[in-house]
Protein chains: 2
Amino acid sequence: MNTKNFIKTVPMEQVEVRDSFWNRYMEVVRTSMIPYQWKALHDEVEGATPSYCIHNFLVAAGLKEGKHGGCVFQDSDLAKWIEAASYSLIHHPDAALEKDLDDLIELIGKAQQPDGYLDTYYIITGLDKRFTDLQNNHELYCCGHMLEAAIAFYRATGKRSLLDIMLRFVDLIDRMFGPEEDKKHGYPGHEEIELALMKLYRITNDPKHLRLAKYFIDQRGQSPNYFEEEGKGRNFYWANSHFKYQYYQAGKPLREQTVAEGHAVRAMYLYTGAADVAKETADEGLYQVLRTLWKNVTRRQMYITGSVGASDYGEAFSYDYDLPNDTVYGETCAAIGLAFWAHRMLGIEPRGEYADVLEKVLYNGTISGMQLDGTKFFYVNPLEVVPEASEKAYVYSHVKPERQKWFGCACCPPNLARLIESLPEYAYGVREKTLFVHLYLGGRADLRPQGIPACLEVETQYPWKGNIRMTVRADQAEQWQLALRIPGWCGKYALRVNGEAVEAAVRDGYAVIDRVFRDGDIVKLELDMPVEKMQASPRVREDIGKIAVMRGPVVYCLEEADNGPQLARIRLTNAPFTVTYEPELLSGVAVIRTQGEYLEGDWGEDLYRKAADEKWIPKDLTLIPYYAWANRQKGEMRVWIQS
Amino acid sequence: MNTKNFIKTVPMEQVEVRDSFWNRYMEVVRTSMIPYQWKALHDEVEGATPSYCIHNFLVAAGLKEGKHGGCVFQDSDLAKWIEAASYSLIHHPDAALEKDLDDLIELIGKAQQPDGYLDTYYIITGLDKRFTDLQNNHELYCCGHMLEAAIAFYRATGKRSLLDIMLRFVDLIDRMFGPEEDKKHGYPGHEEIELALMKLYRITNDPKHLRLAKYFIDQRGQSPNYFEEEGKGRNFYWANSHFKYQYYQAGKPLREQTVAEGHAVRAMYLYTGAADVAKETADEGLYQVLRTLWKNVTRRQMYITGSVGASDYGEAFSYDYDLPNDTVYGETCAAIGLAFWAHRMLGIEPRGEYADVLEKVLYNGTISGMQLDGTKFFYVNPLEVVPEASEKAYVYSHVKPERQKWFGCACCPPNLARLIESLPEYAYGVREKTLFVHLYLGGRADLRPQGIPACLEVETQYPWKGNIRMTVRADQAEQWQLALRIPGWCGKYALRVNGEAVEAAVRDGYAVIDRVFRDGDIVKLELDMPVEKMQASPRVREDIGKIAVMRGPVVYCLEEADNGPQLARIRLTNAPFTVTYEPELLSGVAVIRTQGEYLEGDWGEDLYRKAADEKWIPKDLTLIPYYAWANRQKGEMRVWIQS
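Residues numbered from 1 in each chain as written. Chains lettered and ligands numbered in written order. Predicted model: local features only at pLDDT ≥ 70, side-chain atom pairs only at ≥ 80, totals over all residues. Heavy atoms only, no water.

Topic: the interface of chain A and chain B
No. 1: Taken together, the contact between chain A and chain B spans 61 residues of the former and 61 residues of the latter.
No. 2: The contact between chain A and chain B buries some 5200 Å² in all, and 58% of this surface belongs to carbon and sulfur atoms.
No. 3: At the boundary of chain A with chain B, the tally comes to four salt bridges.
No. 4: Measuring nitrogen to oxygen at the nearest pair gives 3.2 Å for the salt bridge that ties Arg300(A) to Glu605(B).
No. 5: Counting the contacts that link chain A with chain B gives 25 residue pairs in polar contact (both at pLDDT 80 or more).
No. 6: For the side of chain A that touches chain B, the secondary-structure elements that each account for two or more residues are α13 (284-300), α16 (387-392), β15 (531-536) and β21 (608-610) of chain A.
No. 7: Sort the elements by how many residues they give to the side of chain A that touches chain B and β15(A) lands first, with five residues.
No. 8: With three bridges joining them, β21(A) and strand β15 (residues 531-536) of chain B adopt antiparallel strand pairing. (Contact = heavy atoms within 4.5 Å. Buried area = accessible area lost by both parts, 1.4 Å probe. Salt bridge = Lys/Arg side-chain N within 4 Å of Asp/Glu carboxyl O. Polar contact = N/O pair within 3.5 Å; in protein donor to acceptor, adjacent residues only side chain to side chain. Helix = DSSP H or I, 4+ residues; strand = E, 2+ residues; numbered from the N terminus. Pairing = 2+ DSSP bridges.)

As structure tokens, this is what we get:
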């Protein structure tokens, strides 16, 4: 494995975001979602399904009487909230919030068992059953999330309180799982702990953390199948479905897998953890397995919005090129998982395709999962919605035309919160003396801890404009390389340093400027950002004859609010597009307008007729960014438009 | 109600079929399906799911030890077999088969309880529970089917054996159900007995049979809801689904219903029975309710093949204009039910639209449910099939690319058998001195018992040719009217009597020749039968931009066997069609050929691209009749083709 390609992430601590697009989201998360979810975790939101999160910890700690409430993996909601809240503290110290966190962690500590065990479900319902149903009961998954929370809190505050708690739990897990004969040879039914252990390893450098993560990944799907053995006599739904153990990506060892199958969030988390292990162990073979899976996912099973997991049944991958727009699942969490995975792949090799997918899913299929004000959420992210269909026809009934307040199984909202609050970490990477800019975020990055003797200040109105202005701040002049991502969607760009055009070789999607940078140097990148009509491969039968509209990384859609009902009757023509930035609309979006056509014809009571020339009448069309749909009134929406 | 419009059916006893299309089907049913199903009912088909039908009757009769096997409505399979076998005897006396029927009926008689009760499920599992779960347990449904069987056997043989058995059961039901205070105010969870009681009434003329049928129809959906009352404390799946009691067409009284909802077969049977009651009681109000439902079904919820019930979930109607081609259900039995209903509506008023739908569903959505040789069957009749999708994606998994041998719940195969064997009954009707020809079947009809002083001999190669030659056979010359259906699909036709063109007024889809007919008069009807491109209303979003090809009543499709895979990449052009009758292909079909185009382009590993001009290359296309698909190799099929 070419370890020389490895890129070190520039951590979020060194990246301040002052970005017109993302700051609004980060502030919504910090000032609205985090406080709202805090209330939700305390069951203080009126009319919402109770979370039971805090309740469960109180009961587990012996401070309250009661039963376990919510899902078996309810602890993870709390963990994701701690993670998001901790990230928010990094650039926004908040004594009250930190105090809440301290108190909460104290409570978590009280719930922890003497041997380190920590999962409220089994603490409350019976510790004798712990680790006996890995397939379904999410203990290792919850541990993973709580580990991520512990690391985030430690990073934000330097406090080891939750980290120490979790180290004790990890020690217990390490004593219980592994290749040794006296240990269980199992692995989680829902992956997550693998990537969390790798985060931990990067802090502790303790080889047992790496070893355990690697064990979980390598042991998965080995014969005899652990879940089958564990579950003898039990009737497991998914293992009995057509997915069989591939629902859990455990039908065979990961290294033998070539196609993404089963539950999409599980798959994304597994691949993310595996990428961490591949990098840390310089395992070229494992990386190539992930390359194959990456190609399968992004070139055959990904919606143009970056959503993955086409099948409602099992919240799962379907099969190559099966990408229905109306019966889609496209879970928000799966899109978030794809962002994690893309970022890890980028850490192994700086390929533009990884960053392109990262950007695509960040600007489309993840944030489509939340209302602009952060109060309502989608689990499912469809590309075509007819409210009447969702209400009346079961096959579309999982597709909601309006976001929901909170979910009984609320995995997606806190997952969005932690993603958005950690966004700065996705922007930059360093390899020796090369700074890779993956995402164009306004703000300032201090690169000195990574060995680049400078800070970079970025000004941009991305994604609405393609102009990026970067100012180098440096104490001394020194030679280093600035590798700027030229997005896959960009056909033409101009690059200037201090006003002078520069020719920069483009390698794998990055234009590299190699020079002595001085304080005050100004690098300007102008990415041409026309409106583009996109087609899907003709293997995608749902999209034949249709066009999706993109501008830069942003996928657009037609919404009933702008275009009236029956969007299926609209087609695009060759009329030009106009782009207008409208600061008041949908928290500020670039709107695309064009003249299309509408299929006229009142057929009265006729259902079928001999074909006649269809009458298409001109119709003014307005397209808005896909992520911003369903923020006005309930109505139809459509990404793929007839042409 | 205008009872003068009523048409009397010319019963199958008077109609001999010598039709190149239907005789083959009737012979397949008689010589293959009936013997095969006999074996199946006896659990003698190797590798097939046992039916348990005979077993259940043996156990119920005390002649065998054992448990009840199969579905709760398993008796109905036997009933439908008796009905089909009886019809076959009408024109093909068969002593051995009749003996089998006699023996079987003797067995049924032995299973009957002293008070007349007859349902093997409750006889075996506990008579104390009978009539306590009308909502789910199909007793009245099974009784209806056995009644139809009894009437068919009586018609075929003149033997009252099964009829008397069933009269006793009906008497019991009549004692138990009705408006009187001491009776149960229930009705069947699955309609069927209503139409069967009306058949019985036409034989017995006993007002209680009419009264009971009418009671079941009128009581249905009244408040308080019987199923809700009956089911207190029970957890009923469908009543808890989004259908609620409308799954059973029992959410409100039939007379308040305007949209077809819920389980499609149930709905068809209810409407059929209600049409019988409306006619028999000259109930204009009820007929208008059925007109409204008819319009809803045929103008908003019917596939071009005549299939109804778009939703797999609940085997049910979806909502207006929701007619997906790939996730469709379109149960064979629902199409059969639509044929029943259409025929009943035609008996109230001779409207061409009723006969058009009858013909459409007979030549398409019903017989598509069986393999040409009658050995394999579809439950689901899709309009678009991709085998890989059916195998790998749950949302299409109910859509089978190959017909199945037999079903655990085998309602469709014996239903097809009885429909096909009774087909002659659908062709003719008489009103005073007018003979209505609804269907063009080769053969001979003796119309004298209905008061038309003649026989009619028909020669035709329908549906492959539009030429119909009818010869009048009469002892004496007399004036009467011959009303020939001019199908809705026919734009041009010529009518000659004894070689001379005649002008006949067309009323509601029938061209009426009013003259003195003499022995040997020859009436020739030439229906122009070009290949037609059909469009669906733009309200059907799945079919926008697509064309279906029809010729005469027959809907065509593209199949992979002729056109290769990826049928979604094919589009029709304006190239002419050629029609060739191929006697060796698919038991003899008219094949349509044309030059279409195929969307070229090997996108390699690309999934999305900036739109470029698409390259469509010429491709020779072969279309076969839809009903005959899936008779060669497993492969794709598509009715609605891009244009």
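Don't stop here, the text continues.
Points about the relation of the copies chain A and chain B
No. 1: When chain A is fitted to chain B, the residual RMSD is 0.1 Å, and the transformation amounts to a turn of 180° plus an axial shift of 0.1 Å. Taken together, the rotation angle and the small translation identify this as a two-fold axis. Residue Val395(A) of chain A places its C-alpha closer to the rotation axis than any other residue of that unit, at 3.8 Å.
No. 2: Both copies share a contact surface, since 100% of the interface residues of chain A are interface residues in chain B too. (Least-squares fit on C-alpha atoms with pLDDT ≥ 70 in both.)

A few points about the sheet that holds strand β5 (residues 434-437) of chain A
Residue and element names in this part refer to chain A.
No. 1: Taken together, the six strands give an open sheet; going across it, the order is β1-β4-β5-β9-β13-β12, and neighbouring strands pair in mixed fashion. The sheet is open, and its two borders are formed by β1 (8-9) and β12 (505-507), each paired with just one other strand.
No. 2: For strand β9 (residues 478-485) and strand β13 (residues 510-517), the ladder comprises eight bridges, and the chain directions are antiparallel. When the bridges of β13 are listed, Leu482 appears paired with Ile513.

A closer look at the packing of helix α8 (residues 161-176) of chain A against helix α10 (residues 207-219) of chain A
All names here are of chain A.
No. 1: Orientation of α8 relative to α10, taken along the N-to-C sense of each, is 55°, at an axis distance of 11 Å. Here α8 lies oblique to α10, going by the angle between them. The two elements α8 and α10 meet at a crossing, and its hand is left-handed. Touching Leu167, Val170, Asp171, Ile173 and Asp174 of α8 are Lys208, His209, Arg211, Leu212 and Phe216, all from α10.
No. 2: Along the lines of polarity and charge, the residues of the contact of α8 with α10 split into five nonpolar, one polar and four charged. (Axes fitted to C-alpha atoms, helices over the stretch in contact; angles between N-to-C directions. Parallel < 35°, antiparallel > 145°, perpendicular 65-115°, else oblique. Left-handed = near helix turned anticlockwise from the far one by under 90°. Nonpolar A, V, L, I, M, F, W, Y, C, P; charged D, E, K, R; others polar.)

Looking at the pattern of salt bridges
All names here are of chain A.
No. 1: Across all of its chains, the model carries 100 salt bridges over all chains by this definition.
No. 2: Ionic pairing is found between Asp171 and Lys208, a salt bridge with its closest N-O pair at 2.8 Å. On the criterion of sequence distance, the pair formed by Asp171 in helix α8 and Lys208 in helix α10 is long-range, its members being 37 residues apart.
No. 3: Asp171 sits in the partly exposed class, given a relative accessible area of 26%. (Buried < 20%, exposed > 50% of the residue type's maximum accessible area, 1.4 Å probe, protein only.)

Here's the deal with the confidence of the model for chain A
Detailed reading of predicted coordinates is not advised where the pLDDT is low.
No. 1: Scored by pLDDT, chain A comes out at a mean of 96, with 99% of its residues at no less than 70.
No. 2: Across the assembled chains, the prediction reports ipTM 0.95 with pTM 0.95. (pLDDT = per-residue confidence, 0-100.)

A short note on the sheet that holds strand β1 (residues 8-9) of chain B
Residues and elements named next belong to chain B.
No. 1: Across the sheet, which stays open at both edges, the six strands sit in the order β1-β4-β5-β9-β13-β12 with mixed pairing between neighbours. One side of each edge strand has no neighbouring strand; the edge strands of this open sheet are β1 and β12 (505-507).
No. 2: The pairing of strand β4 (residues 428-431) with strand β5 (residues 434-437) spans four bridges and is classified as antiparallel. Residue pairing in the sheet places Gly429 in a bridge with Phe436 of β5.

Section: the packing of aromatic side chains
Aromatic ring pairs are reported here in terms of the distance separating the ring centres and the angle at which the planes meet.
No. 1: Applying the stated criterion to the full structure yields 85 aromatic pairs over all chains.
No. 2: Arranged with centres 5.5 Å apart and planes meeting at 90°, the rings of Tyr117(A) and Phe131(A) form a pair that is edge-to-face. Of this pair, Tyr117(A) sits in the loop between α4 (95-111) and α5 (120-125) while Phe131(A) sits in the loop between α5 and α6 (134-137), placing them 14 residues apart in sequence.
No. 3: When the ring centre of Trp616(A) is taken as origin, the NZ or CZ atom of Arg571(A), which lies over that ring, is 3.9 Å away.
No. 4: In this structure, Arg515(B) packs its charged tip against the face of Phe517(B), placed 5.8 Å from the ring centre. (Phe/Tyr/Trp six-rings, centres within 6.5 Å; stacked < 30°, edge-to-face > 60°. Lys NZ or Arg CZ within 6 Å of the ring centre and 35° of its normal.)

A few points about the pairing of β15(A)
Within a regular beta strand, the side chains point alternately toward one face of the sheet and then the other, so they alternate between its two faces.
All names here are of chain A.
No. 1: Counting buried positions along β15 gives six out of six residues, so the element sits mostly inside the fold.
No. 2: Two strands pair when backbone bridges link them, and β15 and strand β16 (residues 546-551) are joined in this way by four bridges, in the antiparallel orientation. Paired with Val531 across the two strands is Arg551, which belongs to β16.

Quick notes on the side chain of Arg541(B)
No. 1: Structurally, the position occupied by Arg541(B) is in the loop between β15 and β16 (546-551).
No. 2: We classify Arg541(B) as buried; its relative accessible area is 14%.
No. 3: Separated by 3.3 Å, the side chains of Arg541(B) and Asp322(B) make a polar contact.
No. 4: Non-local contacts of Arg541(B), meaning those with residues more than four positions away in its chain, are made with Glu384(A), Val386(A), Ala389(A), Tyr396(A), Ala568(A), Tyr319(B) and Asp322(B).

Overview of the packing of helix α2 (residues 53-60) of chain A against α4(A)
Residue and element names in this part refer to chain A.
No. 1: At their nearest, the axes of α2 and α4 sit 8 Å apart, and the two run at 45° to each other. Relative to α4, the element α2 is oriented oblique. When the axes of α2 and α4 are compared, the crossing they make is left-handed. Contact residues: α2 offers Ile54, Phe57, Leu58 and Ala60, while α4 offers Leu104, Leu107, Ile108 and Ala111.
No. 2: Tallied by class, the residues present in the contact of α2 with α4 amount to eight nonpolar, no polar and no charged.

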